[in-house]
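# Topology and contacts: notes
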Amino acid sequence: QVQLVESGGGLVQAGGSLRLSCAASGRTFSRYGMGWFRQAPGKEREFVAAINWSGGSTYYPDSMKGRFTISRDNAKITVYLQMNSLKPEDTAVYYCAASRTGRTETDRHEYDYWGQGTQVTVSS
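Each value, and the rule that gives it
Residues numbered from 1 in each chain as written. Predicted model: local features only at pLDDT ≥ 70, side-chain atom pairs only at ≥ 80, totals over all residues. Heavy atoms only, no water. Helix = DSSP H or I, 4+ residues; strand = E, 2+ residues; numbered from the N terminus. Polar contact = N/O pair within 3.5 Å; in protein donor to acceptor, adjacent residues only side chain to side chain. Contact = heavy atoms within 4.5 Å. Pairing = 2+ DSSP bridges. Axes fitted to C-alpha atoms, helices over the stretch in contact; angles between N-to-C directions. Phe/Tyr/Trp six-rings, centres within 6.5 Å; stacked < 30°, edge-to-face > 60°. Buried < 20%, exposed > 50% of the residue type's maximum accessible area, 1.4 Å probe, protein only. Lys NZ or Arg CZ within 6 Å of the ring centre and 35° of its normal.

Here Arg67 shows up in the loop between strand S6 (58-59) and strand S7 (68-73). Reaching out from Arg67, the side chain makes a polar contact with the backbone oxygen of Ser85 at a distance of 3.1 Å. Once residues within four sequence positions are removed from consideration, Arg67 is found in contact with Gln82, Met83, Asn84, Ser85, Leu86, Lys87 and Asp90.

In this section: the sheet that holds S7. In spatial order, the strands read S1-S3-S8-S7; together these four strands make up an open sheet with antiparallel pairing. Either end of the sheet is taken by a strand with one partner, and the two such strands are strand S1 (4-7) and S7. Strand-to-strand twist of the sheet, defined as the mean angle between neighbouring strand axes without regard to direction, takes the value 15 degrees. As paired strands, S7 and strand S8 (residues 78-83) are joined by six bridges and run antiparallel to one another. Across the sheet, the residue bridging to Arg72 is Val79, located in S8.

Taken as a whole, this structure holds six aromatic pairs when the rule is applied. With centroids separated by 5.2 Å and ring planes inclined at 80 degrees, the aromatic side chains of Phe37 and Tyr111 adopt a geometry described as edge-to-face. Of this pair, Phe37 sits in strand S4 (residues 33-39) while Tyr111 sits in the loop between strand S9 (92-99) and strand S10 (113-114), placing them 74 residues apart in sequence. Pair check on accessibility: Phe37 and Tyr111 agree, each one buried. A network of ring pairs unites the aromatic residues Phe37, Phe47, Tyr59, Tyr111 and Trp114 as a single cluster. The lysine or arginine in question, Arg45, covers the ring of Tyr95, its NZ or CZ lying 3.8 Å from the ring centre. The positively charged end of Arg45 is found above the aromatic ring belonging to Trp114, 4.9 Å away from the centroid.

In structure tokens, the structure reads:
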């Protein structure tokens, strides 16, 4: 069992930056692939970034490449999402998720555990 708690969300102006954190519980955290997703009102949950169990592999959709960076610290059992050059369309609730596969999964159905989400609002 893994419990995930996101933090770091808030209100930021367009062009600004935020770093989200996802603190995990459980000794097996280092075995899990981790991902970030987001969901805006009235829209489906969208894949943002993923990192494999070791941190050696990451994956982003084209729309996030160059602006978002996912990383993990297995010693601190925490995953991060650094978001730069934020745009109003990045406004959403951001969720952290853990996958038993250990890989960089892009499909939300491959994730077994989810956090409660943290709100990110980007003003124009």
